[in-house]
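Here is how the chains run, residue by residue.
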Amino acid sequence: MSALFLRPRSIETWRKLAATSHQARYARLLDQAQSYADYLPPAEHPSDSITYIGMAVANLGLAYVLSQEPHYLEIARRWINVALGYPSWGKERMPDHDLDAAWLLFGLSLGYDWLKDDLPLEERHALRDKLHHQGICLFEFAVETEGQWWSSAYWQNHNWICYVGLATTAYALKHEYPETKQWSDRALANFQTVLPLMPDDGSDYEGPLYWRYGFIWFLIYADLVQQEEAIDLHDSDFLRGAGDFRLYLSAPNLINTANFGDCHDRRSSHSAAINHRLASLYDLGHIQAFTDEFHSNGEWLREGREGLVKPGVLPEAVLEFLWYNPNVAHQPLDTRSLVQAYPDMGLVSSRTSWHADATFLAFKCGSPTGHKAWSAGQAYNRLRDWQTISAGHAHPDENGFILVQGEDYLVVDEGYSRAKSSKHHSTILVDGQGQYHEGGYNAFRELGPEWGGRLEGSFNLGSSSYMRGEAARAYHPDLGLRQFTRQVLFLDGDLVVIYDTLRANHNRRFDWQLQLDEAPQVVDDQTFSVHAGKSTMHVHIAQPADFQYTQHEEEITANPTSAKPDWIIRRMQYALTIAPPEPTQATSFLVALNLAEFAVTSVNAKRGHVLQASRDNTHILTAFADQCDGIWSADIETDASWLSYTLTDDKIQKLLVGEATNLWIKQQLWLSADVPIQVAYGLDDSDVNRSKADSSDVDSSNTDGSDTGTAHYHWKIQTTSATFVSLRLPQRPAHIHLNGSPVQAHYNDDLSLLRLAIPAGESEVICHV
């Protein structure tokens, strides 16, 4: 037995692990293998995907290798014989040339390698010859269609899956058919090209569901090629960051998702096998922790029963066993930042905590396939006259967002759709038109590099965050849209304030959309209420002052796979649409999503736009500049582009301000800088996730041993160049730490200002008084 894909350990060692550290994973494997005893695929190829056959044989093969129980061998033989009886692998979609063939090549090649010595000679030869035939079909198709479909569609899961299937078969048959080395060489060349082209931040434009379906094949191939060729592909920022990318696309309960892109549902998007592999490779204790928790609470079994992505997570039992590393120490999720930006995809994920009752917002504005892929794909297309970009699972959703409180979806995305349309996303329509070439399955076909949105900035302190996207280039040039800037303030999950600036060459109708699971209710002439589960959200329209609104509902349908033409997913979605009463060349929308029963009012301002949200003794002020002339109201004077601050008992507890060189609040100078900077301030850092190193560096006592008091101040500063900054502190500080190291700084007692030098980039200043 050659032990393909098992080489890191001997069979005897694997069997010892099955009886010790891997016992629970081994039990899962045997349960999954036993499940195949109760049914067989139909004798005649169905009008449906047969990918599950490959994974069935792989699970049965490993169950037999480890247990030596003939029962599993007999079941495997029955499944193999069904697959051998199909004249083609795949029926409705590209027979022999796509996913069905690739999945079966992968699973049955492992089965052949692991079981061939125990198969009757006739069955062994039949399986060998079938694998050889199917491999030839897939290889020749890859060569013949290079530049046209998956063979060179580097950012498509079809590319990754098909080349892994081909490589696995090549390695399984290399001693009997030496020409299969061409197959494994081609697969290696593909992945050595593809992997460096993937986003360095670990993101995937296809969204959380197709991440679960497609990303695993990178891990399979990297493991396989390391064992077979001693080539290590694991030193990859893309692979290293992928686990956190999927984590940050999780809603508060970690099961639901921010379902950007084509998603069959809002849950089918995790994988225990992927998580265990990434945790083992990169020592991700927080990923291992919640994955093991899902084993304990039955989430993986629920997902296996209910998940709509096939074959699903249960057939990954073989990989869970092989990739599980019990030596990865658990780390709590509370050590992770509450906000994470993925600039390649143009995604910002923000939450109030890592608890199941948190509030979560995900915002997206980027290029159709992510910035790196969109640029590199266009370059390959021009260099070789190829079509490398296939973005059918992406949506025209720039400047869109999803808002979830606990398990309640307050602002939603449509998930899978047959016709991709911006009218199904919480973004803007211009004269009724959305983004890109909407209306078909692939809204991005044959578009040039001039198209796309971009994430222009993100900033946060603890669970309050700011994000900004620019999406004018996502719309057809004939519309003459010159600006669509969306700014979002997510303030501790209590308030979401959205400010949109739109400008066109000619008068246009601008429709501001909010996508919902239920129809909104009218409260008054400026306010609507939205109910979702246990949660209520009030939508306050501050601008335009005069507007028209409409509500409509629409059934959204999709056929997730052409391999099963009669499978249609249906769901109803509601939209609240706001528009100025007449077409206009320029307009703005200022909308507050109120989740905490604040009283929201507009504040008169000489410059900019100011909102106040009040409840009991807490007041939150948010403000946005019009252009470059700053913000000027009774309480605020600044050249900033935006700001927010929270007062409790007339004391500022938290402040965020962007692109400012000066800030005055209530006649007091709070900030002065040599260049425009972003600044966040917290009176108490108890709600801020700081590293252990930062915490250990802060000395809470004076040098004489006396207590310095209870107050400490946390500043976060973002600047593109080194600068001097003055920060308001009510008392002379006892200790100052800049980026974890003690520093000296000048303090002006008259003005209550601390002056210090700040390096370029992002810095933290911690002051004890």
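Residues numbered from 1 in each chain as written. Predicted model: local features only at pLDDT ≥ 70, side-chain atom pairs only at ≥ 80, totals over all residues. Heavy atoms only, no water.

Draft legend 1. Just the pairing of strand β33 (residues 761–768), in detail. In terms of residue burial, β33 counts as a mostly covered element, since six of its eight residues are buried. As defined by bridge partners, strand β27 (residues 712–719) adjoins β33 across eight bridges and the pair is classed as antiparallel. Within β33, the position partnered with Y713 by the bridge is C767. Bridge count for strand β29 (residues 735–738) against β33 is four bridges, and the pairing is antiparallel. Its bridge partner being in β33, H735 is matched across the sheet by H768. (Buried < 20%, exposed > 50% of the residue type's maximum accessible area, 1.4 Å probe, protein only. Helix = DSSP H or I, 4+ residues; strand = E, 2+ residues; numbered from the N terminus. Pairing = 2+ DSSP bridges.)

Draft legend 2. The arrangement of the packing of aromatic side chains in detail. Applying the stated criterion to the full structure yields 38 aromatic pairs. The interplanar angle of 90° and the centroid separation of 6.4 Å between the aromatic rings of F5 and F106 together place this pair among those described as edge-to-face. Of this pair, F5 sits in the segment before α1 (11–19) while F106 sits in helix α5 (residues 99–115), and the two are 101 residues apart along the sequence. Judged by centre distance (6.0 Å) and plane angle (80°), the rings of Y210 and Y213 are edge-to-face. On the criterion of helical spacing, the pair formed by Y210 and Y213 is a turn pair, its members being three residues apart in helix α9 (residues 207–214). Residue classification places Y210 among the buried positions, given a relative accessible area of 7%. An aromatic cluster is built from F5, W103, F106, Y210, Y213, W217 and Y416, whose rings are joined through pairwise contacts. The aromatic ring of W632 is capped on one face by K606, whose charged end is 4.5 Å from the ring centroid. A cation over a ring is seen here: R615 above F598, with NZ or CZ 4.7 Å from the ring centre. (Phe/Tyr/Trp six-rings, centres within 6.5 Å; stacked < 30°, edge-to-face > 60°. Lys NZ or Arg CZ within 6 Å of the ring centre and 35° of its normal.)

Draft legend 3. Quick peek at the sheet that holds strand β5 (residues 408–411). Ordered by their spatial adjacency, five strands build an open sheet running β1-β2-β3-β4-β5, and the pairing between neighbours is antiparallel. Looking at the sheet topology across the chains shown, the edges are occupied by β1 (339–342) and β5. Across the sheet, the mean angle separating the axes of adjacent strands is 15° when strand polarity is ignored. Docked against the sheet, helix α11 (residues 237–248) engages β1, β2 (347–351) and β3 (359–364), running at close to 115° with respect to β1. (Axes fitted to C-alpha atoms, helices over the stretch in contact; angles between N-to-C directions. Contact = heavy atoms within 4.5 Å.)

Draft legend 4. Representation of the nonpolar core within the structure. Judged by nonpolar contacts, the single largest core of 197 residues is most densely connected at M537 and L593. Top element by residues in this core is α5. It accounts for 12 residues. With residues near it in sequence (within four places) discarded, M537 still touches L403, L410, V411, L514, L516, F528, S529, V530, L593, N594 and L595. (Core = buried A, V, L, I, M, F, W, Y, C linked by side-chain atoms within 4.5 Å.)

Draft legend 5. Geometry of the packing of α11 against helix α13 (residues 285–297). Direction vectors running N to C along α11 and α13 enclose 50°, while the axes themselves pass 10 Å from each other. Considered as vectors, α11 and α13 are oriented oblique to each other. Where α11 crosses over α13, the handedness of that crossing is left-handed. Residues G243, D244 and L247 of α11 form the contact with α13, whose own contacting residues are H286, I287 and F290. Residue composition of the contact of α11 with α13, grouped by class: three nonpolar, two polar and one charged. (Parallel < 35°, antiparallel > 145°, perpendicular 65-115°, else oblique. Left-handed = near helix turned anticlockwise from the far one by under 90°. Nonpolar A, V, L, I, M, F, W, Y, C, P; charged D, E, K, R; others polar.)

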